[in-house]
Amino acid sequence: MAITDHVDFNGFMEGVKRRNPYQPEFVQAVQEVAEDIFDFMEDKEEYHAQQILRRISEPDRVVSFRVCWEDDAGNIRVQRGWRVQNNNAIGPYKGGIRFHPSVTESVLKFLAFEQTFKNALTGLPMGGGKGGSNFNPKGKSVREIMRFCQSFMTELYRHIGADVDVPAGDIGVGGREIGFMFGQYKRITNQFTGVLTGKGLEYGGSLIRPEATGYGAVYFLAEMLATRDDGLVGKTAVVSGSGNVATHAAEKITQLGGKVVTLSDSGGFIHDPDGITQEKIDWVKAHKTHRRGRIQDYCEEFENASFHPGKTPWGVPCDVALPCATQNELLGEDARTLVANGCMAVSEGANMPTDLDGVHVFKAARLLYAPGKAANAGGVAVSGLEMSQNSERRAWKEEELQQMLKDIMAGIHERCMTYGRQDGGYCDYVKGANIAGFKKVADAMLAFGVV
Ligand code: NDP
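Residues numbered from 1 in each chain as written. Predicted model: local features only at pLDDT ≥ 70, side-chain atom pairs only at ≥ 80, totals over all residues. Heavy atoms only, no water.

K.L.:
Honestly, the site of the ligand in this entry has me stumped. Any pointers?
P.N.:
Near the ligand you find 26 residues, and of these Asp-170, Thr-213, Ser-266, Arg-294 and Asn-351 are the closest. One of the side-chain N or O atoms of Ser-266 is found 2.4 Å from an oxygen atom in the ligand. A distance of 2.8 Å separates an oxygen atom of the ligand from a polar side-chain atom of Asn-351. Burial of the ligand by the surrounding chains reaches 83%, relative to a free accessible area of 890 Å². Breaking the shell around the ligand down by element, the ones donating at least two residues are helix H8 (209-226), helix H9 (244-255) and strand E7 (259-265). Taken together, the residues that form the shell around the ligand break down as 5 nonpolar, 13 polar and 8 charged. (Near = heavy atom within 4 Å. Polar contact = N/O pair within 3.5 Å; in protein donor to acceptor, adjacent residues only side chain to side chain. Areas by Shrake-Rupley, 256 points an atom, 1.4 Å probe, with all protein chains shown as cover. Helix = DSSP H or I, 4+ residues; strand = E, 2+ residues; numbered from the N terminus. Nonpolar A, V, L, I, M, F, W, Y, C, P; charged D, E, K, R; others polar.)

Right, dumping it as structure tokens:
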């Protein structure tokens, strides 16, 4: 009898766990996708015969390397760097770089796996990858960060390229770090190519790239609400995080008439019942990004706000919730609280912020729930547009890009609806996103034969 991946779901997951010991985040991400894909694949013999699910859950390659750098006191420091090139069936590998002490191979494999389906969902020709280091930028001087970025790129450069693998930013990597890494790439290779996205406007960056992930998550939220003839005007929103994604999500909610009442960081969350206005968001951006401050300082600046140390904001009653900080920040019990408090929609700005228990709670409650791979795809989509602009050697106007971002988010919403629509008009966006993303990548893999 031929060997196929015609095993049951439990058998498949047992294999994933056995092959990836001590990689809980990666196993979790595969399970979330496999839960939906198994039903979809049931009658698709070719996928089984070609072992597509087994192949898609094995990264093309994982590169791990040492990153040495010297701190301001003259000490030699050693970090670990990685690039996970997950799948390039539909385009060059594409995905961010994360600098955070919690970074492990498991975290980057989960992110690269998610990225593969997310990028497919955008409709743009981009494969999936992710990279990073366990380097902690907090408390480091700008010179130290520059030296680290240069050392990181001194190894990474040989694995990437404008048609090979195009990294971008993520947690701990913003425009400044991209600048340092691009400068080093250019110095080593003597080539000016679109090898990174999220670049500064002066050297090939795209307008609205910094805003795109947060804005996109809110556009997706608006699309979901529109299916119930509703909108953001007058809605109370709970947002977690206070970095790039969170602040831009808060900004767009405010612009569309909603009221944001929380933001957070790894120290806890602030609750501002008066609403976090544009002026306050601007203060948070400057405080967190430029001054590298803590969110708790918000309460000294704006009266009526309170700080809740060590807590996440999901207990604050709201109409809509946007987790925009990090993975597994919204657990099953938080999901139950949100549902009990009458929350009607959740749009994930972060990657996999809801744990599997929470995902099951949202699905069972049939609320409007958009997984990160659909809702936060606006960032990588505009990165894809940055690649196009670099290839064309021109820069598109802001209005054009805003419209393209909106259209792309509407297109992702439509693709999710195609495969996620259930009885009674309810859409299972997790299922829709998983199947639509999987199908595109899987069909491309079938075309290539066994490679
Ligand atoms: P930033 O570094 O700009 O901000 C991250 C925010 O999350 C900070 O407020 C940080 O708090 C908080 N945070 C990080 N780790 C933890 C933790 N373990 N517990 C609690 N809070 C934490 O990152 P981004 O805004 O760019 O990224 C946020 C999320 O969005 C990530 O999941 C990322 O993968 C995802 N994403 C980002 C995209 C982008 O374009 N930037 C694209 C698509 C997804 P503190 O300051 O205390 O560390």
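K.L.:
Looking at this structure, how should I read the nonpolar core?
P.N.:
Here is a general trend for soluble globular proteins: nonpolar side chains tend to be buried in one another's company. Membership of the largest hydrophobic core comes to 57 residues, with the highest contact counts inside it found for Phe-220, Leu-322 and Ile-412. Those residues in contact with Ile-412, other than ones at most four positions away along the chain, are Leu-121, Thr-122, Phe-220, Ala-374 and Ala-377. Counting residues in hydrophobic clusters, the runner-up holds 37 residues, among them Val-16, Ile-52, Ala-120 and Met-445. (Core = buried A, V, L, I, M, F, W, Y, C linked by side-chain atoms within 4.5 Å. Buried < 20%, exposed > 50% of the residue type's maximum accessible area, 1.4 Å probe, protein only. Contact = heavy atoms within 4.5 Å.)

K.L.:
How should the pairing of strand E8 (residues 268-271) be read in this particular structure?
P.N.:
Within a regular beta strand, the side chains point alternately toward one face of the sheet and then the other, so they alternate between its two faces. Relative to E8, E7 runs antiparallel, the two sharing 4 bridges. Note that in E8 the partner of Leu-263 across the bridge is Ile-270. Connecting the antiparallel pair E7 and E8 is a turn made up of 2 residues. Where E8 and strand E9 (residues 306-309) come together, 4 bridges link them in antiparallel fashion. Each residue of the ladder has a partner; that of Ile-270, found in E9, is Phe-307. (Pairing = 2+ DSSP bridges.)

K.L.:
Which parts of the structure should I look at to understand the environment of Gln-115?
P.N.:
Position of Gln-115 relative to the elements: it lies in helix H5 (residues 105-121). In this view, Gln-115 contacts Lys-94, Gly-95, Gly-96, Gly-128, Gly-129, Lys-130 and Val-380; residues no more than four positions away in its chain are not counted.

K.L.:
Is there a simple way to explain the sheet that holds E7 in this structure?
P.N.:
Across a sheet, strands are paired by hydrogen bonds formed along the backbone, either parallel or antiparallel in direction. The mixed open sheet is built from 7 strands, whose spatial order is E9-E8-E7-E6-E10-E11-E12. Here the strands that pair on one side only, and so sit at the sheet edges, are E9 and strand E12 (368-370). Recorded for the sheet is a direction-independent mean angle of 15 degrees between the axes of neighbouring strands. Where strand E6 (residues 236-239) lies against strand E10 (residues 320-322), 3 bridges are found, and the strand directions are parallel. (Axes fitted to C-alpha atoms, helices over the stretch in contact; angles between N-to-C directions.)

K.L.:
Explain the pairing of E7 to me, please; I cannot follow it from the model alone.
P.N.:
Counting buried positions along E7 gives 6 out of 7 residues, so the element sits mostly inside the fold. For the crossover that starts at E6, traverses H9 and ends in the parallel E7, the hand is right-handed. (Right-handed = clockwise from strand over helix to strand, strands pointing away.)

K.L.:
Explain the packing of helix H16 (residues 398-420) against helix H17 (residues 429-447) to me, please; I cannot follow it from the model alone.
P.N.:
The description of two helices packed together rests on the angle between their axes and the distance between the axes. Contact geometry of H16 with H17 gives a least axis separation of 7 Å together with a crossing angle of 100 degrees. Of the possible angle classes, the one that applies to H16 and H17 is roughly perpendicular. The segment H16 lies against H17, with His-413, Arg-415, Cys-416, Met-417, Tyr-419 and Gly-420 engaging Tyr-429, Lys-431, Gly-432, Ala-433, Ile-435, Ala-436 and Lys-439. Broken down by class, the residue content of the contact of H16 with H17 amounts to 7 nonpolar, 3 polar and 3 charged. (Parallel < 35°, antiparallel > 145°, perpendicular 65-115°, else oblique.)

K.L.:
Teacher, can you tell me more about the state of the cysteines here?
P.N.:
Here is the idea: a disulfide is a covalent bond, and it sits between the sulfur atoms of two cysteines. For the structure on display, the rule yields 0 disulfides. You can see Cys-68 has no disulfide; the closest cysteine sulfur is in Cys-149, sitting 15 Å from it. The class for Cys-68 is partly exposed, based on a relative accessible area of 34%. In this structure Cys-416 is a free cysteine whose sulfur lies 6.5 Å from that of Cys-427, the closest cysteine sulfur available. (Disulfide = S-S within 2.5 Å.)

K.L.:
What's the story with the sheet that holds strand E1 (residues 61-70) in this structure? I'm lost.
P.N.:
Spatially, E1-E2-E4-E3-E5 is the arrangement adopted by the 5 strands of the open sheet, whose pairing is mixed. Both outer strands of the open sheet, E1 and strand E5 (165-168), are each paired with one neighbouring strand and no more. On average, each strand axis in the sheet is tilted by 20 degrees relative to the strand beside it, whichever way the strands run. Relative to strand E4 (residues 128-133), strand E3 (residues 93-99) is paired through 3 bridges, and the arrangement is parallel. Residue pairing for E4: Phe-99 is matched across the bridge by Ser-133. Those strands touched by H5 are E1, strand E2 (76-87), E3 and E4, and its axis lies near 150 degrees from that of E4.

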